[in-house]
Amino acid sequence: MGTLKVDVIEAADLIAADSNGKSDPYVTLGLVVDDSGKLEKQHTKIISKTLNPKWNQSFTFNVDYKSQDFIFRVWDHDMVGTNDPLGHITVELASLPDNEASDLWLTLKEVKHGRLHVKMLWTPSAAAPTGAASKGNQLMALRDETRRLQDAYRALGGNPAAIPPIAPNVERLILNTEVQMDGLTKIQKEVVDTTGERLSHQLHSNRSLTWAEASLKTAVFGTAGGAVDCPTVELPFATQMPPVPFGAPMRAYFYIQDGFFNCASYGVLPISTVTALRAWEDIIHADPVLFRLKTFTIRLAPLVSKVTTFVHCDPNDFQFILNPNAAMSAIMKSITWTTGDRLVYLSCDTEPNKAIYNWVKAHHPVELIELNVPLPTSTKGFKTYLKTELKALLANGPAPRLASFSYVSAGGYIMPAKEIISAFHKCKIPVCLDGTQAVGQFPVDVNGLMAEYFVGSLDRWCYCPLGTAFLVAQPHCQQGLTTLTVSYNYGHGYEQEFAYYGLQDFSNWLSVGQGFQFVEKVCGGWNKVWDYCNQLAHDAVELLKERWFPSETHAPSYQKHSAHYGRMPTIPLPGGANMDSTVANEITAYMILKHHITALFLILPIDDVPTLCVRLTFQVFNDLHEVDALATAVSALNGRYRDIHVLNEMPPDVMMP
């Protein structure tokens, strides 16, 4: 064991990666920590527009074995897309003398030219520090601890197989952790000691340790219950909520009434999630201090794992937040806008997002640019339109500081998000994507989309409580990104600031697991939910076209193909041309009050004519009988929508969905 000090001094004659004949170089440097080539790494600052950068930065590494390799990689930093490699070189630590600095000019590999100037000083330890554990020893200790728990459980008459071995991903996390700590005793004590609050600091400050411990404790808690004094909520789905057919039978598992077609605005909760919310509130109030210091951190980690696996993103980039508007606002308010910056967005974006963009314009010297998207259109047509608009945009000014749009438009139109992001990236424009109406409505691959910022919500389509939105920011966008509320963790970075920004009711975040369990245990999995609801949406569109436009070969349509509307189609009403938002609000209220049908009626351009439409959402409890009831209620009005005046029957100051 020993210490390695590395001075990254400069580089010379690097290759040019940018169109200006320069590069924006920085260096990642680190130890190879396992056979897969994973690094325990650090990095230098970025030097802009140069082929001969000077860093003069020092780094220190704790080394377990001098037989390890040390790798330098030089990169060109890009604001958009992936960074470009400028070469790499590996140094065998065994080649370095003890206690003597080595001044090295290293020739970079896999590039035509480029050299890196570093100094490396290896200082061996006189003896291993008392109690210090290498990562390999930490892993061995956890394996031993698991076997010890299995033996103890066997002695109590239980089946030792009920406590499974450490999962491979947990082993990788431990091997990859960048914190050198007295791990043997502390990890063991935290597992078996009911006074584990003393580890709360480590649980908050080191994500790898949090995930490793949370995964091990999940296995232990599942068998030993309250032995570690960290309560959880388990619901008897098998006995109280056995699987039933989709449609009307499924409504027994919800508080919602027939004719509810607006989960996109308010979400919808199964009884199981409501039960979990109340149970978590009991746990919180029974011992709020223990909950905050221990239970919350331990129980939240596996839920982050579940959600990030579902949406395909890196857990290190993910943060829970109360609602999408807070996430969008945090992004826009954290950017340091300067004179001449431009913010571009799409005309079909949601009204809350447009309000945020206008706030930016009102408080900063920013040019706000709206691209008037001609919906409906095909993906090919959209790409052609966007290419033309961006060419004109760049011809008349600098590239915008940010582009922002919603994955699903206000009218339910599913945008070709990946193609749009790619078009913006080709113009060197970073992207913020609001996926509020996407997550759970259809499969989402956050990493594959490659937006710099992604905002999502679990309370619209995932059967999770209100207040379960999330934010994903790529690593190079996390610096300076902070919460709207300034609290204890201000200045401690993206992870800690968003992890806790003031006291609140955390039962909503902790009940996310029950929302996903409802899908898995009652519905049979996400694929079955998507298949049923997508087919129902398609059948509903055909039914309404037949009922409302029986004599028309080509009935008016907002989304021309099911690929554009998923589970949220929007259909024009018969005789609904040339209406306004007042009429839409009246019809929305009328359907709720007179027919107990909850749907969003809104005005959208159909063939450039403002037309009254209905936007529907389909869940596992909906069926075509409800759609037929809606068709009958609308047909009975015979196009006399302007004659409806029921808003005065609503409570004062009610905002229509």
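The coordinates are above.
Our subject in this report is the structure included herewith.

Reading the values: the criteria
The residue numbers shown here count from 1 along each chain, following its written sequence. The predicted nature of this model means local features are confined to residues of pLDDT at least 70 and side-chain atom pairs, given and counted, to a pLDDT of 80 or more, with totals for whole chains, interfaces and linings taken over all residues. Each side-chain value is worked out from all heavy atoms of the structure, with water and hydrogens disregarded. Helix and strand definitions here come from DSSP, where helices need a minimum of 4 consecutive H or I residues and strands a minimum of 2 consecutive E residues; each element is numbered from the N-terminal end. For the exposure calls, accessible area comes from a 1.4 Å probe over protein chains only, and a residue counts as buried if that area is under 20% of its type's maximum, exposed if over 50%, partly exposed in between. The method behind every accessible area is Shrake-Rupley, applied with a 1.4 Å probe, and residues are considered shielded solely by the protein chains displayed. Each nonpolar core is a collection of buried residues, namely Ala, Val, Leu, Ile, Met, Phe, Trp, Tyr and Cys, held together in the definition by side-chain atoms within 4.5 Å. The criterion used for residue contact is that any of the two residues' heavy atoms lie within 4.5 Å. The disulfide definition used here is simple: a pair of cysteine sulfur atoms within 2.5 Å. Here, a strand pair is defined by DSSP locating no fewer than two bridges between the strands. Axis definition: a line fitted to C-alpha atoms, limited for helices to the stretch in contact. Angles are taken between N-to-C directions and run from 0 to 180 degrees. Patches here: salt-bridge-free residues with over 30% relative accessible area, like charges joined within 9 Å, nonpolar side chains (Val, Leu, Ile, Met, Phe, Trp, Tyr) joined within 5 Å. For this analysis, a salt bridge means a side-chain nitrogen from Lys or Arg found within 4 Å of a carboxyl oxygen belonging to Asp or Glu. Only four residue types enter the charge count: Lys and Arg as positive, Asp and Glu as negative, with His and the chain ends excluded. All charge positions are set by atom: Lys at NZ, Arg at CZ, Asp at CG, Glu at CD. Nitrogen and oxygen atoms within 3.5 Å of one another constitute a polar contact, given that in protein one can donate a hydrogen and the other can accept it, and given that sequence-neighbouring residues count only through two side-chain atoms. Two aromatic rings from Phe, Tyr or Trp, using only the six-membered ring of Trp, form a pair when their centres are within 6.5 Å; if the ring planes differ by under 30 degrees the pair is stacked, by over 60 it is edge-to-face, and anything between is tilted. Counting as a charge over the ring demands two things of the Lys NZ or Arg CZ atom: a distance within 6 Å of the ring centre and an angle within 35 degrees of the ring normal. Here is the rule for angles: anything less than 35 degrees is roughly parallel, anything more than 145 is roughly antiparallel, 65 through 115 is roughly perpendicular, and the remaining ranges are oblique. Should the near helix be turned counterclockwise from the far one by less than a right angle, the crossing is left-handed, whereas a clockwise turn marks it as right-handed.

A word on the overall build of the protein chain
Link 1 in the chain: On a plain count of helices and strands, the protein chain comes out with 21 helices and 18 strands.
Link 2 in the chain: Each of the 657 residues in the protein chain was classed as buried or not, and the buried ones make up 53%.
Link 3 in the chain: By element, 53% of the accessible surface of the protein chain is carried by carbon and sulfur atoms, the whole surface being about 29300 Å².

Re the nonpolar core
Link 1 in the chain: M332, F405, Y407, F424, F454, L458 and F518 are the most contacted members of the largest nonpolar core, which totals 119 residues.
Link 2 in the chain: Element by element, the count of residues in this core is highest for helix 9 (residues 288-311), at eight residues.
Link 3 in the chain: If we ignore the near neighbours within four places in the chain, the residues touching F405 are L346, D349, Y357, M415, A417, I420, I421, F424, V431, C432, L433 and D434.
Link 4 in the chain: Counting residues in each nonpolar core, the second largest holds 36 residues, with I571, M579, I587 and V627 among its members.

Observations regarding the state of the cysteines
Link 1 in the chain: As enumerated under the stated definition, the model contains zero disulfides in all.
Link 2 in the chain: C533 takes part in no disulfide bond, and the closest cysteine sulfur to it belongs to C523, at a distance of 8.4 Å.
Link 3 in the chain: On the basis of relative accessibility, which here comes to 0%, the residue C533 falls in the buried class.

Overview of the sheet that holds strand 8 (residues 115-124)
Link 1 in the chain: In spatial order, the strands read 4-1-8-7; together these four strands make up an open sheet with antiparallel pairing. Pairing within the sheet leaves two strands with one partner each, and these edge strands are strand 4 (54-63) and strand 7 (102-107). The mean angle between the axes of side-by-side strands here comes to 25°, regardless of whether they run parallel or antiparallel.
Link 2 in the chain: Of the strand pairs in this sheet, strand 7 and strand 8 are connected by six bridges, and their pairing is antiparallel. Each residue of the ladder has a partner; that of S102, found in strand 8, is M120.

A look at a positive patch on the surface
Link 1 in the chain: A cluster of like positive charges, contributed by K383, K387, K391 and K426, occupies part of the molecular surface.
Link 2 in the chain: If you tally residues by element for the positive patch, the top one is helix 12 (residues 379-395), at three residues.
Link 3 in the chain: Relative to the elements of secondary structure, K391 occurs in helix 12.

Regarding the side chain of T28
Link 1 in the chain: Within the element layout of this structure, T28 appears in strand 2 (residues 25-32).
Link 2 in the chain: There is a polar contact of 3.3 Å between the side chain of T28 and the side chain of W75.
Link 3 in the chain: Apart from residues lying up to four places away in sequence, T28 is in contact with Q42, H43, I71, F72, R73 and W75.

A look at the packing of aromatic side chains
Link 1 in the chain: Summed over the entire model, instances satisfying the criterion amount to 27 aromatic pairs.
Link 2 in the chain: An aromatic cluster is built from F291, F296, F318, F320, F454, F470, Y500, F506 and W509, whose rings are joined through pairwise contacts.
Link 3 in the chain: Across from the ring centre of W359, 4.5 Å away, lies the NZ or CZ of K333, which sits over that ring.
Link 4 in the chain: In this structure, R401 packs its charged tip against the face of W337, placed 5.9 Å from the ring centre.

Things to note about unusual backbone geometry
Outside of glycine, negative phi angles account for most residues, and trans bonds account for most peptide bonds.
Link 1 in the chain: Not every positive phi belongs to a glycine, and K49 is a case in point at roughly 55°.
Link 2 in the chain: Take K49: it is sitting in the loop between strand 3 (39-43) and strand 4.
Link 3 in the chain: Positive phi outside glycine occurs at M450, with the angle close to 65°.
Link 4 in the chain: Mapping M450 onto the fold places it in the loop between helix 14 (446-449) and strand 14 (453-457).

Quick look at the packing of helix 8 (residues 271-286) against helix 18 (residues 512-522)
Link 1 in the chain: Axis separation between helix 8 and helix 18 bottoms out at 9 Å; the angle between their running directions is 155°. As the angle between them shows, helix 8 and helix 18 are arranged roughly antiparallel. Here helix 8 and helix 18 pass one another in a crossing that is right-handed. Counting all contacts with helix 8, which are made through S272, T273, A276 and W280, the residues of helix 18 involved are Q514, G515 and F518.

Quick notes on the pattern of salt bridges
Link 1 in the chain: Applying the stated criterion across every chain yields a total of 11 salt bridges.
Link 2 in the chain: K54 is the partner of E10 in a salt bridge, and the nearest nitrogen-oxygen pair spans 2.9 Å. Separated by 44 residues along the polypeptide, E10 in strand 1 (residues 2-12) and K54 in strand 4 bring together distant segments of the chain.
Link 3 in the chain: With its nearest N and O atoms 2.6 Å apart, the salt bridge here joins D628 to R547. Here the residue D628 occupies a position in helix 21 (residues 624-637), and R547 occupies one in helix 19 (residues 526-548), the gap between them amounting to 81 residues.
Link 4 in the chain: Each of R251, D258, D623 and E626 takes part in a single network of salt bridges with overlapping partners.

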